[in-house]
Amino acid sequence: MAGAYDALRERADAAWEAWRHPERPRIDLAWDTSSLAAGAGRVREALEAQVAERGAAVDTGVTHGYGLQWLQPLATIHWPDGTRVLYGPVTPGRVGLLLDEAAGLVGAAAELAVGVLSGSRPGIPAIGEHPFLACEDERRLLKRIGHSDPGEIDHYVATGGYHALSRMLDRHHGPDAVRQLQQDAQLLGKGGAFFPAGVKWNFLAGAADEERYLVCNADEGDPGAWVNRVLLEGDPHVVIEGMLIAAHATGAIHGFIYIRNEYPLAIERMRDAIAAAEEAGALGANIFGSDFSCTLEVIAGAGAYVCGEETGLIASIQDDRGMPRIKPPFPAQSGVFYKPTNVNNVETYASAALVLEHGAEWYRELGTPTNAGTKIFSFSGDIARTGFMELPYGVAMDDVIDALGGATTRSGAPGALKAIQPGGPLAGYLPAGLSGSLTLEREAFAEHGALIGAGGIVFVGEDANSIELNLMFAEFLEDESCGRCTTCHHGNQRMTEVFRRVLAGGGRPEDRHNLEMVGDALQYSNCVHGSASPTIMRNTLRFFSEEFDAHVAAADTRLAGRGFVRYRVADQDDPRLESARLICPVDAIRGSPRGGYTLDETTCVRCGACHDLAPRGIARDDLVALAAARAVT
Amino acid sequence: MPLETEARAELRALLDGLRPDDGDLLEALHRIHHRYGHISREAMEVVAERLRLTPAHVYGATTYYADFRTTPPPPVTVAWCSGPACRLRNANGIRAAFEAVFDCALGEDSPDGRVAFTLGQCNGTCEQAPQVWLQERVVGKLTAARAVELARALREGEDPETLGWPDDASGDGAGG
Ligand SMILES: Cc1cc2nc3c(=O)[nH]c(=O)nc-3n(C[C@H](O)[C@H](O)[C@H](O)COP(=O)(O)O)c2cc1C
Ligand code: FES
C-alpha cells in the first residue's frame, strides 16, 4: 500500500526539484482572482511578447499571490540556484525590468522588489520583514501559497501533501483515533460558529445509515471575506486531503464541494485538482491501493448568500431552492438526500489535514488556550494594504492595524478609523476605539455583542457614514433572506425601510425603538440569517448612538427625501467647472466658462462625478454635520 | 409530449450525462445559462423532463438564484460591486452615475437594450475598490467621473473589450 504513495512521491520529488532549480531563470506570475483583477492577463501577454522579441533565455510559470494584494500584479523571479524574489506591481509596461533582472542585470527591477521568498539577493530584505507580515507567525495553512504552482499535484506531494493520508491508510490511524486527534487538537470550525470539528465528526461516525456524505462549505458569501478562495485557488489539494481524512474518520463515501459562483477560478482549480488526484490514485476507488474509497465533486453555487448556511446549502445541492430549514434534524441525522452528512468549512478541512500530518500538540502550539491554531484573515477597507494573512488566534487588533498601514485608531489624526466591521453582514460593527482591547479571537468580539465570523475584517474610516453602512447591510440581508420566515423576511424589510427613511431625511424620534423592536422579532427566525441580522444595527445603536440620533435630529421635510448629501457650486473661479458641467449625467449643472454656474439640487443624483473633476468648484456638504453645528451655535 | 424541435434537441444534448436525484439541477442550469445567457421557459421544461422534476420546481429554483436570468441578456453586462470596501469609496455615487447614463435602475436592462446593469457581490479583490465587472472583467479604482465616461462609451456602442483597462503607467501601489 505504501508503494503506491512512494511511487507518487518519487515522481513528485523529481518534478519539484526541476521546478525549484530550473535550468534557466523563470518568471512566475501570480495567477489568482486578485492578480487577474489587476490585469495579470495583459501582463502575461506583454511578458510573452517581450520574451519572444528578445529571444530571452527566460521561461514563464504560475504561482498564487502571496497575500499582498495591493501590490498586484505580483510576480516571482526564480533563478536556477533556487533564489526567488517577489516583485510588484508588475504592470505590462514593467515586464521589461523583470526580464532584465532575470537575465542577470542585478538591480534592474529593484524598485519593484517586495521581498526575498527563498535564498538571498543583495539589497532586498526577506519577505518576512515586510511590515504587512509583522503579525504573522509560521505560515501553516498558507505554506505553499506563493511558493508553488497550485495546478501541480507534484508540488503538493513533494512538500508533504497526501503523506498524512497515506500513513493513515497504512493503519497508523483508525477512524476513532483520527477523530480523537482532531478533538485533542481543539480544532474548531472556521466557518464562524467555532464548533469542535472532532465532535461534529463523531455525530456522523455514529449515524445509523451507511450511506454518508461530506459537504465542504466554500460558499464564502460574506462581503469582505476571501479566506476560502485563497485555499481553493492556492492549495486545492489540501482541501481534498482534509476531506478524505474526514471521510475516513466518519465513514463517508462521497463529498460535495459547494463553491460560490463568484469564484470561477477556484471552481476550475478544484475541478482540475480532483481530476489530478484521481489520476494519481489519491482519490476515488481504493485510494493508494487501500480498501478506502471516496469520491468528490464540485458544485457551483449561483448567487445566494443563505446557501452558505448549512441546511440551505444541502437543499441547494439536492435540486431544491437553497432555503435553510429548522434544525433539528441536524445534517448528521438528515443531510444531502436525507442521508447523514457532515458540513465543514474549507479551512476546517484544510486544518484537519495539518493536524493529522503534524499532531495535536503542534496545532495547539499557536493560538490561545480557547482558540487553538491559526486562521487566515482578509483585510480591506480604509487601509493602505489590502490583502490576506495567516495569524495565530489572539493577535492584538492594534498590531494588525499597524501592519495594514495608513490607518490609526487616534480620532482626528490622518487615516483615523471610525469602526471595525468583522465577519460579514451578521457579525458586528465596533468602534475603532475598542481596538486596544480587541484580540483576534472569538471571546474578545463576543464581549462587545459582536462575532468575529469567518475571517473577513473591514476597516471603516472616520469620514464614513455608519447609517449608510447599516442601510447597505440591511438591504443585503433583506435581499438574501430566503423568505421562509416572516420575521426574517419582513423584519429585514422593515429594518431597511427605517434606515432608508432616516437617511433620506425623514427620521422620527420613535425610530430607535422601531429598530429595537424589529431586532427582537428577528431573533425568532428559523435560521441564523434571520436571528443574527440585527447584530450590526444593535452595535450601531449602542456604540454610534450619537451618529444615529444626529441623523434623526437633522430630519427636515424641506429635503423632500433627497437625503443629507448635497453638492453645490462653491467657487465660480474653478476652471474645471466646465468639465464638471459636461460630466454631469443628468445635466444638473448650468453655466458656461464665462461664469454663472449653478447646480440644480432637485435634478442632481448625487453621484459626485462633478466633485471628482472639480473638487474646489463643487463642494460636497454633509447636511447632518451642518445641522448639528447649527444646533450647537 | 411537447413538440420535438431543434431547439429542444440542442437543449437535451447540453444536459448529457445529468441524472435525476443526483444533485445535478444547478449544473444543468449553469450549462444552459452559459450557452444561452438565460434560461428560457422551454429550457426549464427540458431540464424538468431530464431530472424528473416538475417545471414549477425548476422555475422555483431558477428564479431563486441571483445569477440566472430568464430573459435574453443584452450584449453588455456591467455588474456593480455592492461590497463594503467599494461603498467606502463612493460606490453609491458610482451606482447613481451608471443608473443615470444607462437610464435604468440597478437590476434592469437599459431601455435601448444595450446594457444589463446588475448587482455584484464582493469577490475579495477589494484592493481594486470601487469596482464593477464589465463582461466579468474587473474594472477597478473607479470614480464617479470615470463611471460616467465608461457608461457613455458603452451606450455609444464602443467595444467593452477596449474599455476600462488599468492605466499601464500607474499601479504604484500606495502603502509600500
Ligand atoms: C446566513 C449564513 C451564511 C453562512 N455562510 C457560510 C459560508 O459561506 N461558509 C461557511 O463555512 N459557513 C457559513 N455559515 C455557517 C454554516 O452554517 C456552518 O456553520 C459551517 O459551514 C460549518 O462549518 P465549520 O464547523 O467548519 O465552521 C453560514 C451561516 C449562515 C447563518
Ligand atoms: S467590496 Fe467591492 S470588491 Fe470587495
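A short note on the overall build of chain A
Counting secondary structure elements, chain A contains 25 helices and 18 strands. Computed over the C-alpha atoms, the radius of gyration of chain A is 27 Å, within 12% of the 26 Å expected from 2.2 N^0.38 for a compact globule of 633 residues. Considered along the principal axes of its C-alpha atoms, chain A spans approximately 85 × 65 × 40 Å. Looking at chain A as a whole, 62% of its 633 residues qualify as buried. Sequence-distant contacts, at least 24 apart, represent 70% of the contacts inside chain A between residues at least 6 apart. About 22,800 Å² of surface is accessible on chain A, with carbon and sulfur atoms providing 51% of the total.

A word on the interface of chain A and chain B
By a frequent convention, interface size equals the accessible area lost on bringing the separate parts together. At the junction of the two partners, chain A supplies 71 residues and chain B supplies 61 residues. Carbon and sulfur atoms supply 54% of the area that chain A and chain B bury against each other, a total of about 4,800 Å² over both sides. The largest per-residue losses of area from chain A upon contact with chain B belong to A302, D319 and R321 of chain A, which jointly make up 13% of the total buried on that side. Where chain A touches chain B, the interface holds two salt bridges.

A closer look at the site of ligand 1
Residues and elements named next belong to chain A. In the region of ligand 1, 19 residues are neighbours, and G191, N217, N344, N345 and T348 sit closest. Here an oxygen atom of ligand 1 sits 3.0 Å away from a polar atom, N or O, in the main chain of E310. At 2.8 Å from an oxygen atom of ligand 1 is found a side-chain nitrogen or oxygen belonging to N344. Isolated, ligand 1 exposes 610 Å² of accessible area, and the fraction of that covered by the protein chains is 91%. Counting only elements with at least two residues in the shell around ligand 1, the list comes to β9 (341–345) and α20 (528–531). Sorting elements by how many residues they give to the shell around ligand 1 places β9 first, with three residues. Looking at the shell around ligand 1 residue by residue, the classes come out as four nonpolar, nine polar and six charged.

Things to note about unusual backbone geometry
Across the junction of Q72 of chain A and P73 of chain A, the peptide omega takes the value -5°, indicating a cis bond. Inspection of the secondary structure assignment puts P73 of chain A in the loop between β2 (59–63) and β3 (75–78). Note the cis peptide between A129 of chain B and P130 of chain B, where omega equals -5°. Here P130 of chain B lies in the loop between β2 (115–120) and β3 (132–134). With phi around 75°, E136 of chain B is a residue other than glycine that occupies positive phi space. Structurally, the position occupied by E136 of chain B is in the loop between β3 and β4 (137–139).

Digging into the domain arrangement of chain A
Residue and element names in this part refer to chain A. Each assigned domain of chain A is listed here: domain 1 (18–129), domain 2 (160–361), domain 3 (374–461), domain 4 (466–553) and domain 5 (564–632). Placing the centre of domain 1 and that of domain 2 at their C-alpha centroids yields a distance of 34 Å. The interface of domain 1 with domain 2 comprises eight residues on the first partner and seven residues on the second. Overall, the association of domain 1 and domain 2 removes approximately 590 Å² of surface from exposure, summing both partners, and the carbon and sulfur fraction of that is 48%. It is T33, H64 and Q69 that lose the most area in domain 1 upon contact with domain 2, and together they represent 72% of the buried surface on that side.

What to know about the sheet that holds β4 of chain B
Residue and element names in this part refer to chain B. Judged by pairing direction, the sheet is mixed, and its four strands sit side by side in the order β2-β1-β3-β4 without closing on themselves. Sheet topology places β2 and β4 at the edges, where each strand pairs with a single neighbour. Direction aside, the axes of adjacent strands within the sheet are offset by 30° on average. Where β3 and β4 come together, three bridges link them in antiparallel fashion. Within β4, the residue paired with W133 across the bridge is V138. Across the sheet, helix α7 (residues 144–155) is in contact with β1 (76–81), β3 and β4; its angle to β3 comes to roughly 20°.

Quick notes on a negative patch on the surface
Residue and element names in this part refer to chain B. On the surface, a cluster of negative charge is contributed by E156, E158, D159 and E161. As for its placement among the helices and strands, E156 is situated in the segment after α7. By relative accessible area, which is 61% here, E156 ends up exposed.

Remarks on the pattern of salt bridges
All names here are of chain A. For the structure shown, the criterion picks out 45 salt bridges over all chains. Between R54 and D100 there is a salt bridge whose closest N-O contact spans 2.8 Å. Of this pair, R54 sits in helix α3 (residues 40–54) while D100 sits in helix α4 (residues 95–102), placing them 46 residues apart in sequence. Owing to a relative accessible area of 40%, R54 belongs among the partly exposed residues under this scheme.

Notes on the domain arrangement of chain B
Taken as a whole, chain B is organised into domain 1 (6–64) and domain 2 (76–160). Between domain 1 of chain B and domain 2 of chain B, the C-alpha centre-to-centre distance is 30 Å.

Things to note about the nonpolar core
Of all hydrophobic cores here, the largest spans 115 residues; its most connected members are Y162, I240 and I259 of chain A together with V78 and F98 of chain B. For this core, the element with the highest residue contribution is helix α10 (residues 236–250) of chain A, accounting for nine residues. Dropping the residues within four chain positions of it, Y162 of chain A is found in contact with Y5, I153, Y156, V157, H237, I240, E241, A277, A282 and F288 of chain A. Formed by 41 residues, the second largest nonpolar core is a distinct cluster that contains Y66, I127, L133 and A407 of chain A.

A closer look at helix α21 (residues 535–543) of chain A
Buried residues of α21 of chain A: T535, I536, M537, N539, T540 and L541 of chain A, and no others. Close packing links the buried residues of α21 of chain A with β12 (417–422), β13 (430–431), α17 (466–480), α18 (486–506), α19 (511–522) and α22 (545–553) of chain A.

Comments concerning the pairing of strand β8 (residues 295–300) of chain A
Residues and elements named next belong to chain A. Relative to β8, strand β7 (residues 254–259) runs parallel, the two being bridged by six bridges. The partner of Y258 across the bridge, within β8, is I299. Note on the crossover from β7 through helix α11 (residues 264–279) to β8: the handedness is right-handed.

The rules we used
Residues numbered from 1 in each chain as written. Chains lettered and ligands numbered in written order. Predicted model: local features only at pLDDT ≥ 70, side-chain atom pairs only at ≥ 80, totals over all residues. Heavy atoms only, no water. Helix = DSSP H or I, 4+ residues; strand = E, 2+ residues; numbered from the N terminus. Rg over C-alpha atoms; globule rule 2.2 N^0.38 Å. Buried < 20%, exposed > 50% of the residue type's maximum accessible area, 1.4 Å probe, protein only. Contact = heavy atoms within 4.5 Å. Areas by Shrake-Rupley, 256 points an atom, 1.4 Å probe, with all protein chains shown as cover. Buried area = accessible area lost by both parts, 1.4 Å probe. Salt bridge = Lys/Arg side-chain N within 4 Å of Asp/Glu carboxyl O. Near = heavy atom within 4 Å. Polar contact = N/O pair within 3.5 Å; in protein donor to acceptor, adjacent residues only side chain to side chain. Nonpolar A, V, L, I, M, F, W, Y, C, P; charged D, E, K, R; others polar. Domains from an automatic or database assignment. Pairing = 2+ DSSP bridges. Axes fitted to C-alpha atoms, helices over the stretch in contact; angles between N-to-C directions. Patch = residues over 30% accessible without salt bridge, like charges linked within 9 Å, V, L, I, M, F, W, Y side chains within 5 Å. Lys, Arg positive; Asp, Glu negative; His and termini not counted. Charge placed at Lys NZ, Arg CZ, Asp CG, Glu CD. Core = buried A, V, L, I, M, F, W, Y, C linked by side-chain atoms within 4.5 Å. Right-handed = clockwise from strand over helix to strand, strands pointing away.

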